[in-house]
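# Chains, contacts and geometry: an overview
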Amino acid sequence: MTANAHQDRPSRTELGRVLTSGGALPPDWAPSFAAVPRSAFLPELMWPFDMGEGTSVAVSRADDPTTWYGYADGADVPVVTQWDDGDHTGTEPGQVSTSSASMPSVVFRMLRDLDVHPGNRVLEVGTGTGWNAALLAHRTGADNVVTVEVDGAVTEQARASLKRFGAAVRVVHGDGCEGYPEGAPYDRIIVTAGVRHIPFAWVEQTRPGGVIVAPWGTHYGNGDTVARLGVARDGESASGAFTGPVEFMKLRAQRLSPVVHSDYVTGGPDDRDTSSTDLTEGAFLGERFSPQRFAVGLRVPHCHHVIAEKRDGARPVWLYGLTDRSWACVMFRDGGKARVWQSGPRRLWDEAEAAHRWWENEGKPGHERFGLTVTAEGQIAWLDEPERSWPV
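Since the model is a prediction, treat every value here as computed from it, not as a measurement.

Turning to the sheet that holds strand 6 (residues 122-125), a few remarks are in order. Strand order in the open sheet formed by ten strands is 8-7-6-9-10-11-12-18-19-20, and the pairing between neighbours is mixed. Across the chains shown, the open sheet's two edge strands, defined by having one partner strand only, are strand 8 (170-173) and strand 20 (389-391). Here the average twist between neighbouring strands, direction ignored, is 20 degrees. Its contacts with the sheet place helix 5 (residues 131-140) against strand 6, strand 7 (145-149) and strand 9 (186-191), and it is angled at close to 170 degrees to strand 7. On top of the sheet, helix 6 (residues 152-165) reaches strand 7 and strand 8; it is set at about 170 degrees to strand 8, its chief contact.

A word on the pairing of strand 11 (residues 224-231). For strand 11, the buried fraction is high: six of the eight residues fall into the buried class. Of the strand pairs in this sheet, strand 10 (residues 206-216) and strand 11 are connected by six bridges, and their pairing is antiparallel. Bridged to Trp216 within strand 11 is Thr225. Here strand 11 runs beside strand 12 (residues 237-246); their pairing, made up of five bridges, is antiparallel. Within strand 12, the residue paired with Thr225 across the bridge is Pro245. Hairpin connection from strand 11 to strand 12: five residues lie between these consecutive antiparallel strands, with Gly235 at a positive phi of about 75 degrees.

The calculated volume of the second largest pocket comes to roughly 360 Å³. Together, 21 residues line the second largest pocket, and Pro43, Leu45, Thr81, Gln82 and Gln157 are the ones closest to its centre. Breaking the lining of the second largest pocket down by element, the ones donating at least two residues are strand 1 (45-50), strand 4 (79-83) and helix 6. At six residues, helix 6 tops the list of elements feeding residues into the lining of the second largest pocket.

Helix 5 packs onto helix 4 (residues 104-114) with a crossing angle of 45 degrees between their chain directions and a minimal axis gap of 12 Å. With respect to helix 5, the element helix 4 is oriented oblique. Judged by the twist between their axes, the crossing of helix 4 over helix 5 is right-handed. Packed against helix 4, whose contacting residues are Pro104, Val107, Phe108, Leu111 and Leu114, the element helix 5 presents Trp131, Asn132, Leu135 and Leu136 at the interface.

Another aspect to go through is empty space enclosed by the protein. Scanning the model with the defined rule gives one cavity of 30 Å³ or more in all. Space inside the largest cavity adds up to approximately 40 Å³. Taken together, Arg12, Leu15, Phe33, Arg38, Ala72, Asp73, Pro104 and Trp131 make up the lining of the largest cavity. By residue class, the composition of the lining of the largest cavity is five nonpolar, no polar and three charged.

Okay, the pattern of salt bridges next. Taken as a whole and judged by the stated rule, the model has 26 salt bridges. Residues joined in a network through salt bridges with shared partners are Asp85, Asp151, Arg252 and Arg255.

Time to look at the sheet that holds strand 14 (residues 303-307). Overall, antiparallel pairing links the five strands, which are arranged 13-17-16-15-14 in an open sheet. The open sheet has two edge strands with one neighbour each: strand 13 (273-277) and strand 14. Here the strands of the sheet are splayed against their neighbours by 20 degrees on average, with no regard to which way each runs.

This part takes up the packing of aromatic side chains. Inspection of every chain in the model, using the stated rule, returns 18 aromatic pairs. With a centroid separation of 4.9 Å and an interplanar angle of 80 degrees, the aromatic rings of Trp68 and Tyr69 are classed as edge-to-face. The same class applies to Trp68 and to Tyr69, which are both buried. Measuring from ring centre to ring centre gives 6.5 Å for Trp216 and Phe294, while their planes differ by 90 degrees; the resulting arrangement is edge-to-face. Remark: Phe294 occurs in helix 10 (residues 291-299) and Trp216 occurs in strand 10; sequence separation between them is 78 residues.

Calculation criteria
- Residues numbered from 1 in each chain as written.
- Predicted model: local features only at pLDDT ≥ 70, side-chain atom pairs only at ≥ 80, totals over all residues.
- Heavy atoms only, no water.
- Pairing = 2+ DSSP bridges.
- Helix = DSSP H or I, 4+ residues; strand = E, 2+ residues; numbered from the N terminus.
- Axes fitted to C-alpha atoms, helices over the stretch in contact; angles between N-to-C directions.
- Contact = heavy atoms within 4.5 Å.
- Buried < 20%, exposed > 50% of the residue type's maximum accessible area, 1.4 Å probe, protein only.
- 1 Å grid on protein atoms, 1.4 Å probe; cavity = no way out; pocket = protein on both sides within 12 Å on 5 of 7 lines; lining within 4 Å.
- Points joined across faces, edges and corners; volume = space filled by probe spheres on them.
- Parallel < 35°, antiparallel > 145°, perpendicular 65-115°, else oblique.
- Left-handed = near helix turned anticlockwise from the far one by under 90°.
- Nonpolar A, V, L, I, M, F, W, Y, C, P; charged D, E, K, R; others polar.
- Salt bridge = Lys/Arg side-chain N within 4 Å of Asp/Glu carboxyl O.
- Phe/Tyr/Trp six-rings, centres within 6.5 Å; stacked < 30°, edge-to-face > 60°.

Have a look at this one:
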């Protein structure tokens, strides 16, 4: 690979120290971090996520190169590179971020989970900017890396960036759900988009004993958890524990269609049941990446929850059924008992409360105590061991 003028910037050196001291950058990945700068794969106009403000900000390399390089090479933040599937124009953020460069800490934690060795053949699903593919190429050899991207414009941009950098990996424009059978079998498959169902094609295209790493979750929320799955010796299944919470843009074929509130909440007070709960807002929701949200999503299938803005000490949390028009709302109030409304064939709050109580009774397990098994018939989640499983 060619040397790059960005490599020796002090901000990159400092970020490397921060990632190493925090355990995100394993020692064996440090040479790749040093050799492959993220800035070589980012566009002239990008939208880093400002962690303090909680918003994306437009940064142009032509207008403000110091800030641009500071975000590109010196900040552990995600960077949006495309909005609204490419339909967005202008400098203001669009409606939905649809392609990005992930936080470096997340990138290297997932690469650590992948356990790539020199000479391993790797399939990446979700090329994005091409940075991750270039890191893999530095580690295992460019001839051993295939990366698939569903968006045509993103594919071309990544292909050009990889060529310019000197990482001659194969870049394929296609549906990553199908993998890339022409290059199979692979020793490792890594997915850089959130998935709700692991396509069995990925298992079929991985060698027995190989590893699949993918951000996985349920439609209950937008959060994901990294699944590290080992493919069985007979090639008929893949199974493994989760390694920790993340949040990725979702695989386009598995995006959740927008939930329209007015399609659910119709009629008058006689159409809903009213009750209360002793559960508090803090206990039920926890923090953004708290394990109870993940656990409830695992135990309450075909359900999506929305946490509304808190006003005057009250916060509503809505639950919507995804296979019918069942809905529930719990209104948490500071210093008071929460009220509950439910309607439809399912009693979604009862299901969610029961799932939360189950999580508490199991000792409030973290993400790492849960696991996933994938077969041609479907996928099951489990707690502690595959024998304690249920379909998801």
